[in-house]
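# An overview of the molecular structure
Residue-level listing of the chains:
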Amino acid sequence: MDFTPKAAEECPEWNFDGSSTGQAEGSNSDVFLKPVTLFRDPFRRGEHKLLLCETLKYNRKPTATNKRLTCQAVMQAAQSHHPWFGIEQEYTLQDRDYHPFGWPKGGYPKPQGPFYCGVGADKVFGRDVVEAHYRACLYAGVKICGTNAEVMPGQWEFQVGPCEGIDMGDHLWMARFILHRVAEDFGVIVTLDPKPMTGDWNGAGAHTNYSTEAMRAEGGIKAIQDAIEKMSKKHQEHIKEYDPNGGRDNERRLTGLHETSSINDFSSGVANRGSSIRIPRHVAAEGKGYLEDRRPSSNCDPYSVTERIVRTTVPESDI
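Everything numeric here is computed off the predicted structure, so don't read it as measured data.

### Digging into the pairing of strand β5 (residues 144-149)
Relative to strand β6 (residues 155-164), β5 runs antiparallel, the two sharing 5 bridges. Of the residues in β6, the one forming a bridge with Thr147 is Phe158. Following β5, the chain reverses through 5 residues before pairing antiparallel with β6; Gly154 in that reversal takes a positive phi of roughly 90°.

Right under this line is the structure:
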């Protein structure tokens, strides 16, 4: 480009070889890249940009992996409700042998307990990666708002939000890209697998905090409870959208152990991290705020998750 774009709409469409990514056949391989969101480039800096794009097939229909198109339509229809989201993205750092970063080679660390939000070289592994990722996201304009070491050693979390509507998916996908790119510079692998280690180790999720304008208003707890009631009636529909394999990935994680609910049952409660939906204690006390859906897996597509939540909780007449 011969100028510095200020918005994605100023960038031209492009295409790539979809047969190399499993998104098209070799005889009809070109897949369109439709620009949708523009970020600053934290790696090249200056006037360079990172451009998030949708993928479209030769007939202009979305590819199978493009969940953004339908999500955008739902978010536009529901915009009068002002749906806000915040996603807690958990992930695990691995060495190049795919063993968790910082774990003894061929062995295991001491049991879980001292690692969550820990400090010290015997409790925290990979903080340099985490700090570099955070700073890169801030530079890029990603709405990152926090980070912490998680329960399993080598496992971390960052939070993105609050974001309204389609911004949630856009900003989380860019944050994920930046994380993989930063980890590459450190020679470390990032996995979003929801259960990277079997046994008595926590899995990884993408807990999704959600509210509408009615939930955030005085007396909003009633709207929160109404939303939870609607979600209870569509538990399996949500589970199918909460990981990229229709719930099969989450089966390994949602066991009812390690701060999870059972994948087969719906539950909710105040301050209960073993439930499907948690109402934070301060929300219950204030009588307004948001709910936390603890079911989405770490490798979920945020477009699918947020679309499903809005479809379930917002009146059908509005979407």
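### What to know about the sheet that holds strand β2 (residues 30-40)
Backbone-to-backbone hydrogen bonds pair the strands of a sheet. The strands run either parallel or antiparallel. Sheet architecture is open: 3 strands sit in the order β1-β2-β3, paired in antiparallel fashion. With partners counted over all chains shown, the strands left at the sheet margins are β1 (14-17) and β3 (49-56), one partner each. With strand direction ignored, the average angle separating the axes of adjacent strands in the sheet is 45°. Where β1 meets β2, 4 bridges bridge the pair, whose relative direction is antiparallel. Bridge pairing in β2 places Phe16 opposite Val31.

### What to know about the side chain of Gln159
Its location among the elements puts Gln159 in strand β6. The class of Gln159 is buried, set by a relative accessible area of 15%. Only 3.3 Å separates the side chain of Gln159 from the backbone nitrogen of Thr147, close enough to count as a polar contact. The residues touching Gln159, leaving out its near neighbours within four places in the chain, are Ile87, Glu88, Lys143, Ile144, Cys145, Gly146, Thr147 and Asn148.

### Regarding unusual backbone geometry
Cis geometry marks the peptide bond from Gly161 to Pro162, where omega comes out at 0°. Within the element layout of this structure, Pro162 appears in strand β6. In the Ramachandran plot, Tyr98 falls in the positive-phi region, its phi being about 70° despite a non-glycine side chain. Tracing the backbone through its elements, the reader meets Tyr98 in the loop between β4 (84-94) and α2 (127-140). Taking the relative accessible area as the measure of exposure, Tyr98 reaches 57% and is therefore exposed. In this structure, Cys117 takes a positive phi of about 55° despite not being glycine. Checked against the element boundaries, Cys117 lands in the loop between β4 and α2. Here Cys117 falls in the partly exposed class, since its relative accessible area comes to 46%.

### Let's talk about the environment of Val130
Assignment of secondary structure puts Val130 in helix α2. Distance from Val130 to Glu157, taken between C-alpha atoms, is 8.9 Å for residues 27 residues apart in sequence. Not counting residues within four places of it along the chain, the set of residues in contact with Val130 comprises Tyr91, Thr147 and Trp156.

### Overview of the layout of surface pockets
Volume-wise, the largest pocket comes out at about 820 Å³. Along the walls of the largest pocket sit 29 residues, with Leu33, Leu51, Leu52, Cys53 and Glu54 positioned nearest its centre. Of all the secondary structure elements, the ones that give two or more residues to the lining of the largest pocket are β1, β2, β3 and α3 (167-186). Class assignment of the residues belonging to the lining of the largest pocket gives a composition of 18 nonpolar, 5 polar and 6 charged. For the second largest pocket, the calculated volume is near 570 Å³. Together, 35 residues line the second largest pocket, and Glu88, His207, Asn209, Arg278 and Glu292 are the ones closest to its centre. For the lining of the second largest pocket, the secondary structure elements donating two or more residues are β4, β5, β6 and β8 (206-211). Counting residues per element, the lining of the second largest pocket draws most heavily on β4, at 6 residues.

### Side note on helix α1 (residues 68-77)
All of the buried residues in α1 are Arg68, Cys71, Val74 and Met75. Looking down the long axis of α1, one finds its buried residues gathered within 125° of arc, a one-sided arrangement.

Analysis parameters
- Residues numbered from 1 in each chain as written.
- Predicted model: local features only at pLDDT ≥ 70, side-chain atom pairs only at ≥ 80, totals over all residues.
- Heavy atoms only, no water.
- Pairing = 2+ DSSP bridges.
- Helix = DSSP H or I, 4+ residues; strand = E, 2+ residues; numbered from the N terminus.
- Axes fitted to C-alpha atoms, helices over the stretch in contact; angles between N-to-C directions.
- Buried < 20%, exposed > 50% of the residue type's maximum accessible area, 1.4 Å probe, protein only.
- Polar contact = N/O pair within 3.5 Å; in protein donor to acceptor, adjacent residues only side chain to side chain.
- Contact = heavy atoms within 4.5 Å.
- 1 Å grid on protein atoms, 1.4 Å probe; cavity = no way out; pocket = protein on both sides within 12 Å on 5 of 7 lines; lining within 4 Å.
- Points joined across faces, edges and corners; volume = space filled by probe spheres on them.
- Nonpolar A, V, L, I, M, F, W, Y, C, P; charged D, E, K, R; others polar.
- Arc of directions from axis to C-beta.

By themselves these figures say nothing about function.
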